[in-house]
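Residue-level structural notes
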Amino acid sequence: MPDQDSPAADHADEIYEGHEATETPERPIASAVPLSPEEQMRQPPLESEPELIQTDDLRDEARLRAKKSRPLLQRIVRAFKGEENRAYRELIINAEPLEKRVALLVDGVLEKYEVERAGENRLVSAVFKGRIQNLEAGLKAAFVDIGLPKNAFLHYWDILPAANDSAVEIVRENQSDEQRRRAEKISLKDIPRLYPIGTDIVVQITKTQIGTKGPRTTTNIALPGRFIVLMPFSGGCGISRKIEDRRERERLKVILRDLTIPEGMGVIIRTAGEGKKIRYFIRDLHMLLKRWEEMQEKMKSPKPVMLYQEPDIIERTIRDFLTEDIDRVLVDNDKDYELMLQLVEEISPRSRSKIQRYKETVPIFERYNIERQIEQTFQRRVPLPSGGEIVIEETEALVAIDVNTGGHKGPRDGLNFITQANLEAASEAARQIRLRNIGGLIILDFIDMKRPRDRQAVYLRMKQEMEKDKAKSHVLPISALGIMQMSRQRHEQSMTSGIYTGCPYCHGRGIVKSPRSMSVEIQRKLLSHVRRLRTLPGNAGRELRFRVLLHPTNLERLRTEDERHLLDFEQAYHVSLAFRADPTYHVENFKIVDADTGSELR
């Protein structure tokens, strides 16, 4: 618009009638004029710079804790076995009224993080008796009413008996005659005939509801125990391939053949069973069979009903920590501490000494530097040890991870420097995928490597790191463009989705229209109204008057860069324009009003 001392300044004041009263001041430049506390609270919080956490310091602190907590006799035995440098593994539990958090530290570095909030439904692995509501031939899927707001999705493949899992070696077949006949005869085309609409069916949730999609289910039920997994509808009995010792596998095969398992049921020995005597498996099997009997009683209900639900995070931690070589479990709540002692006493009294009560005044997650490590799981950028970084973007279709060298501090000797940066990025990306619980399709854009052996080294590093993950994943070799594709089993929403919600201002787009775009849109809309009104009787020669209500940011654009365009517009089309800023308007909204009639023009 015109300068204040120009002849057109008076006219400018008329155009912006009411603006001085409603205009909001420009945000000061932080370095020039600091914002007042009140102004700071009106602005979005500034995104903190990603902080590189020195893992060497964390490991040194963990080694000191290991010396104090590991008994002398245990240290001597491990020294004889050559395991004195084995990683120190701790489970740190923070129990609060609204949420409970569990962190797994390996030599002080956060490797696993789980959160459970009060009132949340633990649906993954829950078993329901449901009723088929609809069959979709095109999707080859059934939709099952299990008593939840959304019907469960059941693919025809998940109704058929499951094929043998490649991660399990089948040792013994325990199928009934009926199971053998059904396995031979049933195919996908038989599903609508065998499971018509209205059929009662028992399903287990494999993936919880994410977004608008209902939970995904299967009829191949698996009930996890501490040392075995019971599969009531599958006759295959086997051993996890993660148990690698040949002699131990042979010993477990003998135990598996000796177990008395009801016909038609299957059992898988978990990695936690390595080294355990047969009495542990017998006790676990009896417990799971008793649970199955209780579930069968509930199946008599005529309505959809939940038959089994996974225990809460405290009980799951006790069950699962026996499957790993955990050195100690530290909990900061008396009630949960007593519960854990009670559960461990029933399972493995020798492990009771590993459960410890945290009594320091410093919050437990701060004491062990966990809060700082968790902060990284909510940031786009994660720094790498030698100065580069990875950038993680979650979208609806996939997750993209980009590797940047940034201020890489390593020796910049060409190929070795690039390969080293990519190897660091692969390790950190795999760790972040686990911590953030990222699932589905993942694309990693590494720095281009021309030598096939370098690409192979990064690919092998990624595969090695993903083997630490309990969720199933499939990693493809790096393409010539430096792109790695992988998928990871998704059971529930990612950590980020659970903490954040879509922005109500931009509706999750992450962007809004610029003031320049809004200026163009407003002027285009004004021209449209002028041309339409000129066609009406009585408007041919008279001056048209408009009032535009808009966001102050867009008004600032109109009164500066686009001032001359508006003055030319008024003169060319014989109209009078008045603008009024309203800070309550969304930045992409505006309203054009006929100043003579007071009616809004649409």
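Report on the accompanying structure. Every residue gets a number counted from 1 within its own chain, in the order that chain's sequence is written. Side-chain atom pairs in this predicted model are given and counted only at pLDDT of 80 or more, local residue features only at pLDDT of at least 70, and totals for whole chains, interfaces and linings cover all residues. Side-chain figures throughout are based on the complete set of non-hydrogen atoms in the structure, without hydrogens or water.

Some thoughts on the sheet that holds strand 19 (residues 399-404)
What holds strands together in a sheet is hydrogen bonding between their backbones, with the strands either parallel or antiparallel. As a reminder of what qualifies: By this definition, two strands are paired if DSSP reports at least two bridges between them. Each helix is a run of H or I in the DSSP string that is no shorter than four residues. Each strand is a run of E no shorter than two, and both are numbered from the N terminus. As a rule, the C-alpha atoms of each element are fitted with a line to give its axis, helices using only the stretch in contact, and angles between N-to-C directions run from 0 to 180 degrees. Contacts between residues were defined by any pair of non-hydrogen atoms, one from each residue, lying within 4.5 Å.
Ordered by their spatial adjacency, six strands build an open sheet running 17-18-19-20-22-21, and the pairing between neighbours is mixed. Single-partner strands in this sheet number two, and they are strand 17 (381-383) and strand 21 (473-475). Neighbour-to-neighbour, the strand axes of this sheet turn through a mean angle of 20 degrees, independent of strand direction. Bridge count between strand 19 and strand 20 (residues 440-445): four bridges; the pairing is parallel. In the strand pairing of strand 20, Ile-401 is matched with Leu-444. The sheet contacts of helix 15 (residues 452-466) involve strand 20, strand 21 and strand 22 (483-488), and relative to strand 22 the element is tilted by about 15 degrees.

Comments concerning the packing of helix 17 (residues 515-534) against helix 19 (residues 563-573)
For clarity, the threshold we go by: Here roughly perpendicular refers to angles of 65 to 115 degrees, roughly parallel to angles under 35, roughly antiparallel to angles over 145, and oblique to all remaining angles. Nonpolar residues are Ala, Val, Leu, Ile, Met, Phe, Trp, Tyr, Cys and Pro. Charged residues are Asp, Glu, Lys and Arg, and all others, Gly as well, are polar.
Packing of helix 17 against helix 19 leaves a shortest axis separation of 12 Å and a crossing angle of 5 degrees. Our classification of the angle between helix 17 and helix 19 gives roughly parallel. Side by side, helix 17 and helix 19 meet where Gln-523, Leu-526, Leu-527, Val-530, Arg-531 and Arg-534 of the first sit next to His-565, Leu-566, Phe-569 and Tyr-573 of the second. Within the contact of helix 17 with helix 19, the residues separate by chemical class into six nonpolar, two polar and two charged.

So, the pattern of salt bridges
Counted only if it meets this: Whenever a carboxyl oxygen of Asp or Glu lies within 4 Å of a side-chain nitrogen of Lys or Arg, that contact is scored as a salt bridge. Burial status follows relative accessibility: with a 1.4 Å probe on protein chains alone, a residue under 20% of its type maximum counts as buried, one over 50% as exposed, and anything between as partly exposed.
Taken as a whole and assessed by the stated rule, the structure comprises 37 salt bridges. Ionic pairing is found between Glu-521 and Lys-513, a salt bridge with its closest N-O pair at 3.0 Å. A residue is classified by how much of its surface remains accessible, and Lys-513, at 36% relative accessible area, is partly exposed. Taken together, the shared-partner salt bridges in this structure form one network comprising Lys-112, Glu-114, Glu-116 and Arg-316.

Quick word on the sheet that holds strand 7 (residues 168-173)
Strand order in the open sheet made by the five strands is 7-12-13-11-10, with mixed pairing throughout. On the outer flanks of this sheet lie strand 7 and strand 10 (223-224), each paired with one strand and no other. In this sheet, strand 11 (residues 228-231) lies alongside strand 10 in antiparallel orientation, the contact comprising two bridges. By the bridge assignment, Leu-223 is partnered in strand 11 with Leu-230. Contacting strand 10, strand 11 and strand 13 (266-269), helix 9 (residues 278-298) crosses the sheet at an angle of about 35 degrees to strand 11.

Things to note about a positive patch on the surface
What counts here: Here a patch means residues that are over 30% exposed by relative accessible area and free of salt bridges, tied together within 9 Å if like-charged and within 5 Å if nonpolar (Val, Leu, Ile, Met, Phe, Trp, Tyr). Residue-level accessible areas treat just the shown protein chains as cover; the underlying method is Shrake-Rupley with a 1.4 Å probe. Note that His is not counted, nor are the chain ends; the positive residues are Lys and Arg, and the negative ones are Asp and Glu. For charged residues, the charge sits on one atom: NZ in Lys, CZ in Arg, CG in Asp, CD in Glu.
A cluster of basic residues, Lys-277, Arg-279, Arg-283 and Arg-350, forms a positive patch on the protein surface. Here Arg-283 lies in helix 9.

Quick look at helix 8 (residues 246-258)
For the record, the criterion: Expected span, for any helix, means 1.5 Å times one less than how many residues it has. The arc refers to the directions leading from the helix axis to the C-beta atoms. Distance and chemistry together define a polar contact, namely a pair of N or O atoms within 3.5 Å, with one atom able to donate a hydrogen and the other to accept it when in protein, and with adjacent residues in sequence counting only for side-chain atoms on both sides.
For helix 8, spanning 13 residues, the distance from its first C-alpha to its last is 19 Å, which sits close to the expected 18 Å at 1.5 Å a residue. Residues of helix 8 that are buried include every one of Glu-248, Arg-249, Leu-252, Lys-253, Ile-255 and Leu-256, and no others. Buried residues along helix 8 cover an arc of 165 degrees about the axis, so they all sit on one side. Opposite its buried face, helix 8 presents the exposed residues Arg-246, Arg-247 and Asp-258, each directed more than 90 degrees away. Residues of helix 8 that are buried make contact with strand 7, strand 12 (236-240), strand 13 and helix 9. Two to three positions downstream of the cap, the backbone nitrogen of Arg-247 sits 3.3 Å from a side-chain oxygen, assigning the N-cap of helix 8 to Asp-245.

Describing helix 19
Given 3.6 residues per helical turn, the α-helix brings residues three or four places apart onto the same face. Within helix 19 the residues assigned to the buried category are Glu-563, Leu-566, Leu-567, Phe-569 and Glu-570. Buried residues in helix 19, looked at end-on, bunch into an arc of 155 degrees, giving them a common side. Across from the buried face of helix 19, at angles greater than 90 degrees, the exposed residues are Arg-564, Gln-571 and Ala-572. Trailing helix 19 by a residue or two, His-574 shows a phi angle of about 55 degrees, which is positive.

Just distances and angles here, no functional claims.
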